[in-house]
Structure formats: structure tokens, C-alpha cells
Amino acid sequence: MSASTEQATTDAAGGAPPAPAVPARRDRRGLLTALTVALVLLCAGAAVAVSIGDDGFWRQSGLPVPEPGLKAATVVAKVLAVAATALAAGSLLVGGLVAAPQTSGTVDVHGYRALRRGTLASTVAGVSAIAAGWLSVADMTGNSPGVLASVGPFGWLGDAATIEEPLGWALAGALLLLVALGSAFSLSWKAAAALGLLAACAMAVPAAVHPAATGAGHDWSGDANVLRAAAGTAWLGLVAGLVAFRAHGGVVEGRAAGRVRGLLAVGGVVYLLGEVVFQLVVTDAGPLGGSPYVRVAVVVAVLLAALVPLTALLARGLVADPAGPVPPGRLLPVVAVLGATVATLGVASIRLVPPRFVVADDSALQTLIGWDITRPFSALAVLVDWRWNLLFGTGALVLAGLYLAAVRRLAARGVTWPVGRTVAWLLGCATLLLATSSGLGFYSPSMFSVHMISHMTLNMLAPILLSLGGAVTLALRVLRPAGRGNPPGPREWLLAAVHSRVAKVVTHPAFAAVLFVGSFYVLYFTPLFDGALRFHWTHQLMNLHFVLVGYLFFWPLIGVDAAPHRLPHLGRLAVMLATMPFHAFFGVAVMSSSTVLGENFYRQVGLPWVDLLDDQRTGGGIAWATGEIPMLLVMVTLVVQWSRDDSREAARKDRQAERDDDAELKAYNAMLEQMRRGG
């Protein structure tokens, strides 16, 4: 029985409380103090938002300037949504990853409290986010909330659909309400952890459509804003969840303490890096002196310089030394003040004009894709013209580094890992890097043919190589079990994901094949493609979709890792033969089409050396040719794996025959003889 369960059992039985009870009561008082301070700061944030506004620029630009009351209400709704989302994400993550579950897989008493807390917080966050979207529509269109209310409870969504930021808040609110619904009817630690991650990612939706993520470099500022939003929500939310966990007598110890410190460290580092990159992009080459945005950014930077070490100290006290020299109950109000102030200033600065936009004269290409293109596409340009993709380029390096670290750890134990798997994984990571950050990623947003090369590389070649790397098998050999009665660790998280119902559905060969082939036609032959070309975040979603769908398709067919559904070799060949013609049909359909796909966007890009219809025909030919080559590679791999499995099975039967003097063959011959005698 874990320490947290012993605490709950002792309290329920009316026995003497253990030693940590006094610090727990002190932390409850600190928690109430922190909540009170946060509410006060929320009201103060409304006044700050009214006073720091840059209304003169908006009037000169002909944009509506909201009334002070509307501006204050918008800030309050957004800050409340951010704070409640952080608490929801942190509580659910604590319930799923920190509190030790019961043997049945359901949460214990601490996990149950965390689930209920997460349900309430995500409900508040969802309602606040939807309210923030509604108020943002009024803020940006110049309409009063009363006018928007007159068109019905959902009529304002029509205006929100044409303005990115309000729609982002509305979608985030819908996700958070789904999290609240899921946590209200679930008692599983696996569901709690998954819902916690979903809640943290919900804040990435409005972050992706931040008003400052436009113009030159908006690919970097957009990705950085997404990273800082998701990581910051998880980081501060996990601290809040740990505070509440300890306030009710929970204890984080052993390996769980190290994992929590690691999560907090990763979240804090990613948040700070995202903050730095975002601010560098939106202040580049702009006048820094006298800018309200810069003044707010400097204040936020100073507060973060104090918040980060204090949060680390608070986390250390929560997971390692609750009775240390600085009790968590004393640090909590200070951290709450700093965190609430940073969140309030960050939300209030959305309507402030960053310095770069005061003087920037962005070109059409910089506005559409984020950078200029000055020469035609060529093989040399693929090697020379790089544009680093913050999410996929960095992700490829991280995946390669983690894989090599795992192989090295196995080698330190004296276990040999096949070199071929390592080579396949590293080539897959290199393919992912080249498809998104080399010249392919540089030209992909502006040319259909290059987009198709990148698409087929991400959808075909990279997933094949990654599935041959056997990353799941490697991780399961490296990671150690958490132990009975302890909170689940990374090995348990990975096993839960692989054996989940969702994994069983999406990796079913029929479902994966339909998704793999059907996504081509749904994306390119519907208005979805024309809309997806216009935004950087939709480009990133397309890249993610290509990689995931390809991996889900090839994993059960040729992957080294054990899949939830594993067909016999003949069935795998049948699936491959059934899907190959659809790729050819798609390429031919694109080549023979007389309508330019994404014509409005590509005409706005207007590269003078590109004929749109000829470029599309080239892209169709690329889809046809590059689709068949990886498929043939997979067919060869299947035949080789089939041959190796047959050889291993024959060797196994030979060893068995040597042990039992070929008893199976003798029994078979005896059966045939008996059948002959019986007519």
C-alpha cells in the first residue's frame, strides 16, 4: 500500500494522523490564500487591460476600439479560461500519473479528488473560453455584446468563423467541455492522464491563431506560441495539482518524485524557449523605446526570472522535502501572485502592437507563408535553402537522440540491439527532418509539386523507416516497471497507449487502409485543401496527419513492434495489393484534372516562373511515381519477413523433432494409416 493510500485509510478509520498532517493543513491555508490572491489579481487585470491599451494605433488603422468595460470583460474571461485550464490539466495529470491507482486500474482516493477537481476546473475553463470567444468577436467587430446576443446563442459563431482568434477560443472551450464530460464519467487512471494531456493541448488552439503570429516569420512565432501555451499550461497546472494533492495528505516519493521533477523541468524549459523565440520574432527590427508592448514584455520577463526558480523550489518541496526550510505553504501565495500576474499581462498584451508591426512592410509571400522566395526550385535549392521547422525539425532531432540514448542504455546492460533497426530509425528521423526543414519545406507551401514530394515523403517513406525501427520494443526493454502499488511510470503509460481501445481501432488494417487511402481524396478533392493552404498551423496539421496515418498503416504490416492487430503474411500482402491501385488512381486524377487545386492561394503567391496547371501535373506524376516505389519496397520487406518467419518456424520444428524423436510426424503417419485401414 502506498503512503497516500495509508494516509486516506488512517483518516477514514479515525486513527492518529501521520506526521505530514501539519504541513498539509498549513498548505490548505496557503491554497486558500493563493486562490484569494488570484481572484484579486483577476479583477486587477481588468483594470490593467484598460490602462495599457494601444488604442491610437487601432484608430489610425481604422480598426474598432472596444469600450473599457468590454475590454476588461474579455481579459477576465481569457485569464479565467487560462487559469482554470491549467488547474484542470494539472489535476488530471496528477490523478493519472502521480496518485497510485488501485490494482483494478481505477484511481485511489487522491486520484478521485483530482478527477473531481479536474471536472470542475475544465467546466469553468470551457465556459470561460467560449465566453472569451464571444467577447472577442464583439471586441474585434465593434459590435456590443447585446447586438451579438440578439442573433441567438450561437449566431456569433458566424462572425467568429471569419476571425481566427475568437474561433480558436470557441474550439478550445468545446474541447475543455469534452474533457469535463470525460472526467465526470471516468475513474480510470489512463483516462485521467489522457484527458489531462488533452486539456493542456486545448490552450494550443487559440495560441496557434494569435494575432501576432502573422507576417514575416509567422511560422516561427506561431509554433513558438503553441509550444509556450501547451507547455506553460502543463507546467503551472502540474504545480497547482501537486499543491492540492499534498494539501489532502498525498505524498510524492521514490521514482515518482524523479518523474515529476523531470516533467516540470521539461515543461518549464519548453515554455521558456517558446517565450524567447516568440518575443524575438515579434520585436525584430521594430522600435523598442516607448512601445507599450515592450514595456509589458520587460515586466513579464522580470516576473518570469523570479517565477521560474520559485516554482522549482516549490516543486522540490512538494515532491521531495515537504518539511524543508521553506515550506510549500509559504511559497504558494508568492508563486500564485507571480503566475496570475504573468497570465494577466500575457492575455492583456494580445491587443498591443508588437514593435515589428509598427514599421514592417511585409511582402505578399511573407504574409502568406512567412518568408520570401527569390529563385526557382532546383536540386541545389533543396540542399541550400533551409527553413527550420520548429516542431518537426526539432522533433526529429529529439526522437533520434532519445533512440540513441536507449540503445546506449541497453548496451550498458550487455544487451545487443540490431544495427538494422537503429539505421532504419535514424533514416526515418532524417527523412522527417529533410521533408519539413530542408528546401522541400522551404518551397512546399508555395508550389504544389514540391508540396506533393514532401507529402509523399512524410506519408510513405518516413513511416516505413520508423516502423522498421521498433521504437516501442526498444522502449519497453529499456524502461523499468513502476512496481506494484506505485504510481504508473513511462513503461505503464506506453503499454496503456499501445493496448488502448483507440489503438485497437485505428491500427485495424481495414480502418487504417481506408484512412490511409481516403485521406488523399478527402483532402485534395474537397474545399478543405484550399482552406488548409492559407494558415501555417493547418500546414503543420497536414504534416502531422501524413506521418501519423502512414505510421498507423505500416505498423501492423511491416513494423517490428507487436501491433494490436497482426494479420498473417498472406493477409498483409492482400492489404498492400488492395491499396496500391488507389494511389495510382489519385496520381492520374491529379494529372488529368483541368482545375487547379488551391488556385486562389497559389495565384496570390504568384511565383513568376511557375505555371499552376503544369506544376499540378508534375505533382500528380510525383504522387503516382513516388507512391509506387515505397509500396514496392514494402512488398519486398513483407516477402523477406515471410521467408524469415518460415525459416524460424522450420528451425523450431526441427529442434522439437530432435527432442521428441519426431513424435508429431509419427502421429500424423499413424493417423493416415488408421484412416486407410478404416476405408
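Because the structure is predicted, anything quoted here is derived from the model rather than measured.

Caption draft 1: Spatial organisation of a nonpolar patch on the surface. On the surface, a nonpolar cluster with roughly 460 Å² of combined accessible area is contributed by W220, W386, W388, L397 and L434. Along the polypeptide, W220 turns up in helix α11 (residues 218-247).

Caption draft 2: Layout of a positive patch on the surface. Positive charge collects at one region of the surface, where R255, R409, R413 and R480 lie side by side. Mapped onto the fold, R413 is located in the loop between α18 (392-412) and α19 (419-437). Look at R413 and you get partly exposed, because its relative accessible area is 39%.

Caption draft 3: Summary view of the pattern of salt bridges. Enumeration over the complete set of coordinates arrives at five salt bridges. Across the pair D385 and R375 runs a salt bridge whose closest N-O atoms are separated by 2.8 Å. Here R375 lies in the loop between α16 (364-368) and α17 (379-384) and D385 lies in the loop between α17 and α18, a separation of ten residues in the sequence. Under the relative-accessibility criterion, D385 is labelled buried at 14%. By relative accessible area, which is 35% here, R375 ends up partly exposed. One salt bridge connects D614 with R617, and the closest N-O pair in it is separated by 3.1 Å.

Caption draft 4: Main features of the packing of aromatic side chains. Across all of its chains, the model carries 21 aromatic pairs by this definition. Ring centres of Y524 and F529 lie 4.9 Å apart, and the angle between their planes is 45°; on these two criteria the pair is classed as tilted. We note that Y524, like F529, is buried. The interplanar angle of 50° and the centroid separation of 5.7 Å between the aromatic rings of F525 and F586 together place this pair among those described as tilted. Note that F525 is positioned in the loop between α25 (509-524) and α26 (528-532) and F586 in helix α28 (residues 569-592), a separation of 61 residues in sequence. Under the relative-accessibility criterion, F525 is labelled partly exposed at 37%. Taken together, F448, F516, F520, Y521, Y524, F525, F529, F553, F554 and F586 form an aromatic cluster joined through their ring pairs. Here R228 stacks its cationic end above the ring of F278, 4.1 Å away from the centre of that ring.

Caption draft 5: Structural detail: the side chain of T538. When you line up the elements, T538 lands in helix α27 (residues 536-558). Here T538 falls in the buried class, since its relative accessible area comes to 11%. A distance of 2.6 Å separates the side chain of T538 from the backbone oxygen of F535, its partner in a polar contact. Each residue touching T538, except ones within four places of it in the same chain, is listed here: G531 and A532.

Caption draft 6: Spatial organisation of the nonpolar core. The biggest cluster of nonpolar side chains holds 62 residues, and the ones touching the most others in it are Y524 and F553. Aside from chain neighbours lying at most four places away, what touches Y524 is F448, H451, M452, H455, F529, F546, F586 and L597. If you look at the next biggest cluster of nonpolar residues, it comprises 41 residues, including V94, L97, V252 and V319.

Caption draft 7: Structural view of the environment of A224. Relative to the helices and strands, A224 is located in helix α11. Classification of A224 as buried rests on a relative accessible area of 1%. In this structure, the C-alpha to C-alpha distance between A224 and F278, residues 54 residues apart in sequence, is 5.5 Å.

What counts as what
Residues numbered from 1 in each chain as written. Predicted model: local features only at pLDDT ≥ 70, side-chain atom pairs only at ≥ 80, totals over all residues. Heavy atoms only, no water. Patch = residues over 30% accessible without salt bridge, like charges linked within 9 Å, V, L, I, M, F, W, Y side chains within 5 Å. Areas by Shrake-Rupley, 256 points an atom, 1.4 Å probe, with all protein chains shown as cover. Salt bridge = Lys/Arg side-chain N within 4 Å of Asp/Glu carboxyl O. Helix = DSSP H or I, 4+ residues; strand = E, 2+ residues; numbered from the N terminus. Lys, Arg positive; Asp, Glu negative; His and termini not counted. Charge placed at Lys NZ, Arg CZ, Asp CG, Glu CD. Buried < 20%, exposed > 50% of the residue type's maximum accessible area, 1.4 Å probe, protein only. Phe/Tyr/Trp six-rings, centres within 6.5 Å; stacked < 30°, edge-to-face > 60°. Lys NZ or Arg CZ within 6 Å of the ring centre and 35° of its normal. Polar contact = N/O pair within 3.5 Å; in protein donor to acceptor, adjacent residues only side chain to side chain. Contact = heavy atoms within 4.5 Å. Core = buried A, V, L, I, M, F, W, Y, C linked by side-chain atoms within 4.5 Å.

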